[in-house]
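# Observations on chain architecture
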Amino acid sequence: MSTAAPLVELRDIRKTFGAVQALQGASLSVAPGEVMGLVGDNGAGKSTLMKVLTGVHQPTEGAIRLEGREVAFGTPSDSRSAGIEMIYQNLALAPNLDVVANVFLGREIRKKGLLGLRMALDEEEMEKRTTQLLDELKIHIKSVRLLVEKMSGGQQQAVAIARAVAFKAKLVIMDEPTAALAVKEVGKVLDIIRDLKRNGVAVIIISHRLQDIFQVADKITVMQSGRTVAERRTSETDMDEIVKFIVGGAREDLSAIASGR
């Protein structure tokens, strides 16, 4: 069991949209280098909770703590600046651009001109850094100048992960990273997640594929109807128990998590 201090803590998060209570007391924590599976049925509140963490939504109540300090993310840019990256299910890649352009999309490196002015894109430096990054993540692509639209689903997922960690991410959130992949490609993505863990990057995986969660996650947090209903170390549970929590057949006392104890 990990004894490391949490990197990120969400405590008793509540979020309302008019009369709709999307989150009604959701809590979780993840430590540096820890992989957490976030599971629950459709509408359980998983994506809404992650949008609170990434600054898309602001919580109605509750607290977000980063490395022990309470924080407030007003925008996704605030969250990214703090080292939190989210990879959505649609990946948000530009298919008509190559790997280099996608990794540095919106954060391009430019050459310095006269008086320190930034001029043309520094393609050579961006290509060098992209190649180094892919090597570090053990991502094998025949050319970093390959257009994303020419790549397989697994390769595109790998590029999205590389872009997320290119700027020193502390936590990477993945929304259904293996949902549309063939079995062989699923294995490669799970290997990348293991490498992120070895490099000290925390990972939250939102997924309905429990078999993938059990392969890589250190712990599993279950949500139901906008609430956190269970947290289990993966080594101390099994799929049957997790399914019972998901469908509402069981619920544990999580007051200690909500209060931060």
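Now for a description of the structure that goes with this document.

The rules behind the values
Residues numbered from 1 in each chain as written. Predicted model: local features only at pLDDT ≥ 70, side-chain atom pairs only at ≥ 80, totals over all residues. Heavy atoms only, no water. Buried < 20%, exposed > 50% of the residue type's maximum accessible area, 1.4 Å probe, protein only. Helix = DSSP H or I, 4+ residues; strand = E, 2+ residues; numbered from the N terminus. Pairing = 2+ DSSP bridges. 1 Å grid on protein atoms, 1.4 Å probe; cavity = no way out; pocket = protein on both sides within 12 Å on 5 of 7 lines; lining within 4 Å. Points joined across faces, edges and corners; volume = space filled by probe spheres on them. Nonpolar A, V, L, I, M, F, W, Y, C, P; charged D, E, K, R; others polar. Axes fitted to C-alpha atoms, helices over the stretch in contact; angles between N-to-C directions. Salt bridge = Lys/Arg side-chain N within 4 Å of Asp/Glu carboxyl O. Arc of directions from axis to C-beta. Contact = heavy atoms within 4.5 Å. Polar contact = N/O pair within 3.5 Å; in protein donor to acceptor, adjacent residues only side chain to side chain.

### Thoughts on the pairing of strand E3 (residues 35–39)
Extensive coverage of E3 is indicated by the burial of five of its five residues. The alternating pattern of E3 places Val35, Gly37 and Val39 on one face and Met36 and Leu38 on the opposite face, and all of these are buried. Of the strand pairs in this sheet, E3 and strand E10 (residues 202–206) are connected by four bridges, and their pairing is parallel. If you follow Gly37 over to E10, its bridge partner there is Ile205. Relative to strand E11 (residues 219–224), E3 runs parallel, the two being bridged by four bridges. Looking across to E11, one finds that Met36 is bridged to Lys219.

### Quick look at the layout of surface pockets
Here the largest pocket defines a volume of roughly 470 Å³. Considering the residues around the largest pocket, the lining is formed by 20 residues, among which Leu133, Glu136, Val165, Ala166 and Lys168 are closest to the centre. The leading source of residues in the lining of the largest pocket is helix H4 (residues 123–136), at five residues. Looking at side-chain class alone, the lining of the largest pocket contains 12 nonpolar, four polar and four charged residues.

### A closer look at the sheet that holds strand E9 (residues 171–175)
By way of backbone hydrogen bonds, the strands of a sheet pair with one another, either parallel or antiparallel. Spatial ordering of the open sheet is given by E6-E9-E10-E3-E11-E12, a layout of six strands whose pairing is mixed. Where the open sheet ends on each side, the last strands, each with one partner, are strand E6 (84–87) and strand E12 (227–233). With direction set aside, neighbouring strand axes in the sheet form an average angle of 20°. Looking at chain direction, E9 and E10 are connected through five bridges and run parallel. Bridged to Val172 within E10 is Val203.

### Notes on the pattern of salt bridges
In total, this model carries 19 salt bridges according to the counting rule given. With a shortest N-O distance of 3.9 Å, Lys138 and Asp195 are connected by a salt bridge. Remark: Asp195 occurs in helix H6 (residues 183–198) and Lys138 occurs in the loop between H4 and helix H5 (153–165); sequence separation between them is 57 residues. Here Asp195 falls in the buried class, since its relative accessible area comes to 7%. A salt bridge links Glu231 to Lys219; the shortest N-O distance between them is 3.7 Å.

### Topic: the sheet that holds strand E4 (residues 61–66)
The antiparallel open sheet is built from four strands, whose spatial order is E2-E1-E4-E5. For this open sheet the edge positions go to strand E2 (20–30) and strand E5 (69–71), each flanked by a neighbour on one side alone. Between one strand axis and the next, the sheet turns by 30° as a mean value, whatever way the strands run. For E4 and E5, the ladder comprises three bridges, and the chain directions are antiparallel. Paired with Arg65 across the strands is Glu70, a residue of E5.

### Side note on helix H8 (residues 239–247)
Those residues of H8 that sit buried are Ile242, Phe245 and Ile246. The buried residues of H8 occupy an angular sector of 100° when the element is viewed end-on, so they sit on one face. Exposed residues lying more than 90 degrees from the buried face of H8 are Asp240, Lys244 and Val247. Looking at the buried positions of H8, the neighbouring elements they touch are E3, helix H7 (210–216), E11 and E12. With a side-chain oxygen lying 3.2 Å from the backbone nitrogen of Asp240, the N-terminal cap of H8 falls on Asp238. Directly beyond the C-terminal end of H8, a positive phi value near 100° is found at Gly248.

### What about empty space enclosed by the protein?
Per the counting criterion, the structure on display carries one cavity of 30 Å³ or more. Approximately 40 Å³ is the volume found for the largest cavity. Those elements that place two or more of their residues in the lining of the largest cavity are H6 and H7. A per-element tally of the lining of the largest cavity places H7 first, with three residues.

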